[in-house]
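Chain residues, written in single-letter form:
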Amino acid sequence: MRRITFDILMATAGLFLAVTLIAAGGLLTWAHSYIGNEVHSQLAAQQIFFPPANSKAVAAPEFAAMRQYGGQQLTTGAQAEVYADHFIANHLKEIGGGKTYAQLSALSIAQPDNAKLTAQVATVFKGETLRGLLLNAYAFGTMGMIAGIAAVAAFIAAFFMLVLSGLGLLHARRVTPGAEILSGRPGRTADPRPAADGLVVAAPAGDA
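Residues numbered from 1 in each chain as written. Predicted model: local features only at pLDDT ≥ 70, side-chain atom pairs only at ≥ 80, totals over all residues. Heavy atoms only, no water.

Novice: Would you explain the overall build of the protein in this entry?
Specialist: Regarding its fold elements, the protein presents four helices and two strands. The order of helices and strands in the protein, counted from the N terminus, is α-α-α-α-β-β. Excluding contacts between residues fewer than 6 apart, the proportion of contacts in the protein whose partners are at least 24 apart in sequence is 62%. Surface exposure of the protein reaches about 13,500 Å², of which carbon and sulfur atoms provide 66%. (Helix = DSSP H or I, 4+ residues; strand = E, 2+ residues; numbered from the N terminus. Contact = heavy atoms within 4.5 Å. Areas by Shrake-Rupley, 256 points an atom, 1.4 Å probe, with all protein chains shown as cover.)

In structure tokens form, the structure reads like this:
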């Protein structure tokens, strides 16, 4: 194969890959923006606020992670994870005496006349539901963040592919037209000397 042909083929493939990466980067950027906006708007609508950092509500050691957002409104996935796992979860452990909703529900079914246990089950159910919704927001927020990082990586990769493709085309213009790449054994040329049966035989190139 001629070197100029090889260079053009590689440069064309690089340009195609660059266009594909740019398109992927655009879609990932859109996903990052869309998910981020949705998470923010849905959480903001709930009007959830963190207790002040100096509040007694977060004074215990298990609430330490809450203090970094003291007094702020909950609007991001990262905040949702902290609120769910370091505030609601701790209160649920206290309310349920360390038992999960499933365990408390099973006890309540076995003791249908226990009003206190029934109230515990209802409270823990509501808390676990809110906690689950907040953790879903955290999961989507994390996916949006990953999409943003992937978009940046795609654009960087596209830039390098464009540069490499440009260099390939530039090299194709400078290479000697007859230059070969990945050539096999020397070719064979026709030997003008007739064979015994009158046919022309092929002889190795350069054979005198």
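Novice: I keep staring at the side chain of Glu 81 and nothing clicks. Help me out?
Specialist: Here Glu 81 is to be found in helix α2 (residues 77–95). One buried charge, Glu 81, has no salt-bridge partner; the nearest side chain with opposite charge is Arg 131, at 7.7 Å. Setting aside residues no more than four positions away along its own chain, Glu 81 makes contact with His 86, Leu 135 and Tyr 138. (Buried < 20%, exposed > 50% of the residue type's maximum accessible area, 1.4 Å probe, protein only. Lys, Arg positive; Asp, Glu negative; His and termini not counted. Salt bridge = Lys/Arg side-chain N within 4 Å of Asp/Glu carboxyl O.)

Novice: For this particular structure, what's the right way to read unusual backbone geometry?
Specialist: Only a minority of non-glycine residues have a phi that is not negative, and only a minority of peptide bonds are not trans. Its identity is not glycine, yet Gln 47 carries a phi of approximately 55°, on the positive side. On the secondary structure map, Gln 47 appears in the loop between α1 (3–44) and α2. Taking relative accessible area as the criterion, Gln 47 reaches 51% and is therefore assigned exposed.

Novice: Which parts of the structure should I look at to understand the pattern of salt bridges?
Specialist: Pairs may arise between side chains of opposite charge once their charged atoms sit close together. Using the criterion set out here, one finds two salt bridges in the structure. Notably, a salt bridge pairs Asp 85 with Arg 131, separated by 2.7 Å at the nearest N-O pair. Taken together, the residues span a long stretch of sequence, with Asp 85 in helix α2 and Arg 131 in helix α4 (residues 115–174) at a distance of 46 residues. Residue Asp 85 is classed as partly exposed on the basis of its relative accessible area, which comes to 26%. The partner of Glu 128 in a salt bridge is Arg 131, with the nearest N and O atoms 3.7 Å apart.

Novice: Could you clarify how one ought to interpret a nonpolar patch on the surface in this entry?
Specialist: A cluster of nonpolar side chains, namely Val 152, Ile 156, Phe 159, Phe 160, Val 163, Leu 164, Leu 167 and Leu 170, defines an oily patch on the protein surface of about 760 Å² accessible area. On the secondary structure map, Phe 159 appears in helix α4. Relative accessible area serves as the criterion here: at 52%, Phe 159 is assigned to the exposed category. (Patch = residues over 30% accessible without salt bridge, like charges linked within 9 Å, V, L, I, M, F, W, Y side chains within 5 Å.)

Novice: Quick question: what am I supposed to make of the confidence of the model for the protein here?
Specialist: If pLDDT is low for a region, its predicted coordinates should not be looked at in detail. Summing up the model confidence of the protein, the mean pLDDT is 86 and the portion of residues at 70 or higher is 82%. Low pLDDT (under 50) marks residues 186–190, which in the prediction has 12 contacts with non-local residues, meaning those over four places away or in another chain. (pLDDT = per-residue confidence, 0-100.)

Novice: What is the right way to read the nonpolar core from this model?
Specialist: For soluble globular proteins, nonpolar side chains are generally found buried alongside one another. In terms of nonpolar packing, the biggest core is built from 23 residues, with Leu 43, Phe 50, Met 66, Leu 74, Tyr 83 and Leu 134 touching the most fellow members. When contributions to this core are tallied by element, the ones reaching two or more residues are α1, α2 and α4. For this core, the leading source of residues is α2, giving seven residues. Residues contacting Phe 50, with those up to four places away along its chain left out, are Met 66, Tyr 69, Gly 70, Gly 71, Gln 72, Leu 74, Gln 79, Val 82 and Tyr 83. (Core = buried A, V, L, I, M, F, W, Y, C linked by side-chain atoms within 4.5 Å.)

Novice: Would you mind going over the environment of Ala 44 with me for this structure?
Specialist: Considering the arrangement of structural elements, one finds Ala 44 in helix α1. When the C-alpha atoms of Ala 44 and Thr 76 are compared, they prove to be 8.6 Å apart, with 32 residues separating the residues in sequence. Apart from the residues within four sequence positions on either side, Ala 44 is in contact with Gln 73, Leu 74 and Thr 75.

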